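# Close look at the chain arrangement
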Amino acid sequence: MVAVPSRDHHAPTAGRPLFSTSFALTDLARVRNEVEVVSRRYGLDQDEIEDWVTAVNELLINVIRHGGGRGAIRLLLDDQLTCEVTDQGPGFDAAHYVARVERPPLSGAGGMGLWVVGQMTDYLFVGSGPQGTTIRIAARARG
């Protein structure tokens, strides 16, 4: 398991559920739209919303591409807006992708998505193993 706080060291806790659904490739547009709608209610400005939806979208795409093609997403609210995405894929060595400080090189196999997510959020946690992967992020908000 790897945790990389981007701006602070606050790990989000289980919060009040705001949205939860399973998804596959055909659901991406619907899920992105719902994430944006729900997130607008919790104090993020337009730039923060754009970063947040981009980060969440990257996690969804990673599930489709690397995590078995199906997953689940939950939006939660504690003192921060958080998102948890899970899959039942084969897992991966998260430290190789998450712990990077510098932007990784572009590659046809991927490898940049989690770095981008870490740049756009206040917190990034990855737990991954042979039973699947769980990624939790916290929205970056001003103040």
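Reading guide: rules and limits
- Residues numbered from 1 in each chain as written.
- Predicted model: local features only at pLDDT ≥ 70, side-chain atom pairs only at ≥ 80, totals over all residues.
- Heavy atoms only, no water.
- Salt bridge = Lys/Arg side-chain N within 4 Å of Asp/Glu carboxyl O.
- Helix = DSSP H or I, 4+ residues; strand = E, 2+ residues; numbered from the N terminus.
- Buried < 20%, exposed > 50% of the residue type's maximum accessible area, 1.4 Å probe, protein only.
- Contact = heavy atoms within 4.5 Å.
- Polar contact = N/O pair within 3.5 Å; in protein donor to acceptor, adjacent residues only side chain to side chain.
- Pairing = 2+ DSSP bridges.
- Expected span 1.5 Å × (residues − 1).
- Core = buried A, V, L, I, M, F, W, Y, C linked by side-chain atoms within 4.5 Å.

- The chain carries the name Anti-sigma regulatory factor (Ser/Thr protein kinase) in an unreviewed UniProt entry, which gives Micromonospora chokoriensis as its organism.

### Concerning the pattern of salt bridges
- Taken as a whole, this structure holds four salt bridges when the rule is applied.
- With a closest N to O distance of 3.1 Å, E84 and R74 form a salt bridge. With E84 in strand β4 (residues 81-87) and R74 in strand β3 (residues 70-77), this residue pair connects regions lying 10 residues apart in the sequence.
- Classification of E84 as buried rests on a relative accessible area of 12%.

### Thoughts on the environment of S20
- Inspection of the secondary structure assignment puts S20 in strand β2 (residues 16-24).
- Spatially, the C-alpha atoms of S20 and V85 are 9.8 Å apart, while their sequence positions differ by 65 residues.
- Setting aside chain neighbours within four positions, we find S20 in contact with I73 and R74.

### Quick word on the side chain of T133
- Of note, T133 is situated in strand β6 (residues 132-139).
- Only 2.6 Å separates the side chain of T133 from the side chain of S128, close enough to count as a polar contact.
- Residues within four places of T133 in sequence aside, it is in contact with V85, T86, D87, G91, F92, V126, G127 and S128.

### Let's talk about helix α4 (residues 113-120)
- Burial runs high along α4: six of the eight residues are buried.
- All of the buried residues in α4 are G113, L114, W115, V117, G118 and M120.

### Here's the deal with the pairing of β3
- Pairing analysis gives eight bridges linking β2 to β3, with the strands arranged antiparallel. Residue pairing in the sheet places P17 in a bridge with L76 of β3.
- Following β3, the chain reverses through three residues before pairing antiparallel with β4.

### What to know about helix α2 (residues 46-66)
- Spanning 21 residues, α2 covers 30 Å between terminal C-alpha atoms, matching the ideal 30 Å at 1.5 Å per step.
- For α2, the N-terminal capping position is held by D45, with its side-chain oxygen 3.1 Å away from the main-chain nitrogen of D47.
- A positive phi of about 95° marks G68, the residue just after α2.

### Section: the nonpolar core
- Ranked by internal contacts, the top residues of the largest apolar core, which has 29 residues, are V35, W52, I73 and I137.
- Those elements giving two or more residues to this core turn out to be β2, α1 (28-40), α2, β3, β4, α4, β5 (121-129) and β6.
- Counting residues per element, this core draws most heavily on α2, at eight residues.
- Those residues in contact with I137, other than ones at most four positions away along the chain, are W52, A55, V56, L59, L81, T82, C83, V117, T121, Y123 and L124.

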